[in-house]
Amino acid sequence: MIKNIMLAGGLAMLMCLPTSAQGKFSLTGNVKGMPDSVRVVLMDVEDPNGEYVELAKTNPKGGAFTLSGDIKSPRMGSLLFQVYNKKDESYRTRVSTPVMLDASALTLECMCDFDSIYGKRDFKVSGSDIMRQFNEYLSAIEEKERQNDSVSYLSAQKYFDTNANPDTVRKYNAAKKLTEQELLDAKLRFVAAHPDYNISAYVVQRELENLFTRNATDINSMADLVKVCPDTARVNTVNRRRNFALKYALGIDCPQFSATTPEGETVDFKQMLNPGKYTFIDFWASWCGPCRAAIPHVRDLHKKYDGRLDVYSVSVDENEKAWRKAMEKENMEWRQFHLSGSEQLGKGAQAFFITTIPRLVLIDDMGKVICSTNNPDDVSDMLKSRLGE
């Protein structure tokens, strides 16, 4: 598991959308065999802080329900079916399905009875042009999404079955990475074929939130593709995402930040880069299990590419004593640094938009960022492609 640290700040998650669609929405459905104790909730999943915001909720009567409310603009939503748990007196989501909302009356059709529902593919929502477009999109990616879900499940199962055997984990992570890329390709093919669809602009909007995954040319091409979407406010949101993504694009110069050596000297990290050599930076913390698990990988790369790769570990520990103790215990023979104090930590995290650790950054011999990941195998593969075995 990846550990969370403070948000590096700067990413404005403002979901400004058009006002032309202001009005009332409604969603009516009937699910055979659904108990009246079930709670049906419609959530807005485009909240600026990444939280689900409740739009409407109700309990069914004989399986039938209607949700309604005000909506200012098209939104991506999630319809949740929640079952009451008497033991802890709480509701737990049993199944959910995505919907695209606007000021329209939507109808949900369920293909089976409540007890037989397996997932979102058991539902069909219709009633608006935007929802029709969304259904086209879901159909276009369905097979690749199914394959990706299957491989992801298998990868997780093998992780636990083999007690995280490194060779097995690497094998199934590679398979998962392949199906994830195939799913993304399917999504982007749909976007290219339907650049004027609201769902296409939404897909691009969300993809641009994945930082250090594309170079500037690809970011601009993706954003430009959906500028023909009639939802002009969503296009504006895409452009804001574009501008932020460009700050964290593959191929940018190594950002500037300072760090402290074990001897207490503060250094400008950008000055540590050696022209003609690659640089590998491992952001970690003593309390982070996955960070400690990645250290052997860092050590292997340090030895394998000695003379061609400079390796640095940068601790984000707030407790300096804990950092020093862990550093000594792990016998980390490459150069060590610490982000001391809130100012260094904030600027260091913001330099690479670090929200989770470990964060493994690879910089090429020209000082350009070419990889930023949580997975040591990604760094190994990149170095292999650039520097050979």
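Described in the following lines is the structure provided in the data block. (Residues numbered from 1 in each chain as written. Predicted model: local features only at pLDDT ≥ 70, side-chain atom pairs only at ≥ 80, totals over all residues. Heavy atoms only, no water.)

Our next topic: the sheet that holds strand 9 (residues 123–126). In any sheet, the strands associate via hydrogen bonds between backbone groups, in a parallel or an antiparallel arrangement. Across the sheet, which stays open at both edges, the 4 strands sit in the order 5-2-8-9 with mixed pairing between neighbours. With one partner strand each, in any of the chains shown, strand 5 (64–71) and strand 9 form the two edges of the open sheet. Each neighbouring strand pair of the sheet contributes to a mean axis angle of 15 degrees, computed without reference to strand direction. (Pairing = 2+ DSSP bridges. Helix = DSSP H or I, 4+ residues; strand = E, 2+ residues; numbered from the N terminus. Axes fitted to C-alpha atoms, helices over the stretch in contact; angles between N-to-C directions.)

What follows is about the state of the cysteines. This structure, assessed with the given rule, holds 1 disulfide. With no disulfide of its own, Cys110 lies closest to Cys112 among cysteine sulfurs, the gap being 4.4 Å. Classification of Cys110 by relative accessible area gives buried; the value is 15%. (Disulfide = S-S within 2.5 Å. Buried < 20%, exposed > 50% of the residue type's maximum accessible area, 1.4 Å probe, protein only.)

Let us now look at the sheet that holds strand 6 (residues 75–85). An order of 4-3-6-7 is seen for the 4 strands of this open sheet, with the pairing classed as antiparallel. Only two strands of the sheet have a single neighbouring strand rather than two, namely strand 4 (53–58) and strand 7 (90–101). Going from strand to strand, the sheet's axes swing by 25 degrees on average, the running direction of each strand aside. By the bridge criterion, 6 bridges tie strand 3 (residues 39–44) to strand 6 in an arrangement that is antiparallel. Its bridge partner being in strand 6, Met43 is matched across the sheet by Ser78. Packing against the sheet, helix 1 (residues 129–161) makes contact with strand 6 and strand 7, and its axis sits at approximately 105 degrees to strand 7. (Contact = heavy atoms within 4.5 Å.)

Right, let's talk about unusual backbone geometry for a bit. With an omega dihedral of 5 degrees, the bond running from Ile357 to Pro358 counts as a cis peptide bond. Its place among the elements puts Pro358 in the loop between strand 15 (356–357) and strand 16 (359–363). The backbone phi angle of Asn331 is positive, close to 50 degrees, even though this residue is not glycine. By the element assignment, Asn331 lies in the loop between helix 7 (320–330) and strand 14 (335–338).

Here the focus is helix 9 (residues 376–387). Its 12 residues give helix 9 an end-to-end C-alpha distance of 16 Å, which sits within 8% of 16 Å, the value for a rise of 1.5 Å per residue. Buried within helix 9 are the following residues: Pro376, Asp377, Asp378, Val379 and Leu383. Of the surrounding secondary structure, the elements contacted by the buried residues of helix 9 are helix 2 (166–193), strand 12 (278–284), helix 6 (289–304), strand 13 (309–315), strand 16 and strand 17 (369–373). Put simply, Asn375 is the residue that caps the front of helix 9, since its side-chain oxygen is 3.0 Å from the backbone nitrogen of Asp377. Just beyond helix 9, the residue with positive phi is Gly388, at close to 85 degrees. (Expected span 1.5 Å × (residues − 1). Polar contact = N/O pair within 3.5 Å; in protein donor to acceptor, adjacent residues only side chain to side chain.)

Residues Phe81, Ile199 and Phe352 are the most contacted members of the largest nonpolar core, which totals 104 residues. Beyond its immediate sequence surroundings of up to four residues, Ile199 is in contact with Met76, Met100, Gln133, Phe134, Tyr137 and Phe190. (Core = buried A, V, L, I, M, F, W, Y, C linked by side-chain atoms within 4.5 Å.)

As a further point, take empty space enclosed by the protein. For the coordinates displayed, the defined rule picks out 1 cavity of 30 Å³ or more. Within this model, the largest cavity holds a volume of roughly 40 Å³. Residue lining of the largest cavity: Glu207, Leu208, Asn210, Leu211, Phe212, Thr213, Arg214, Ile219, Ala245, Tyr248 and Ala249, and that is the complete set. Residues of the lining of the largest cavity, tallied by class, amount to 7 nonpolar, 2 polar and 2 charged. (1 Å grid on protein atoms, 1.4 Å probe; cavity = no way out; pocket = protein on both sides within 12 Å on 5 of 7 lines; lining within 4 Å. Points joined across faces, edges and corners; volume = space filled by probe spheres on them. Nonpolar A, V, L, I, M, F, W, Y, C, P; charged D, E, K, R; others polar.)

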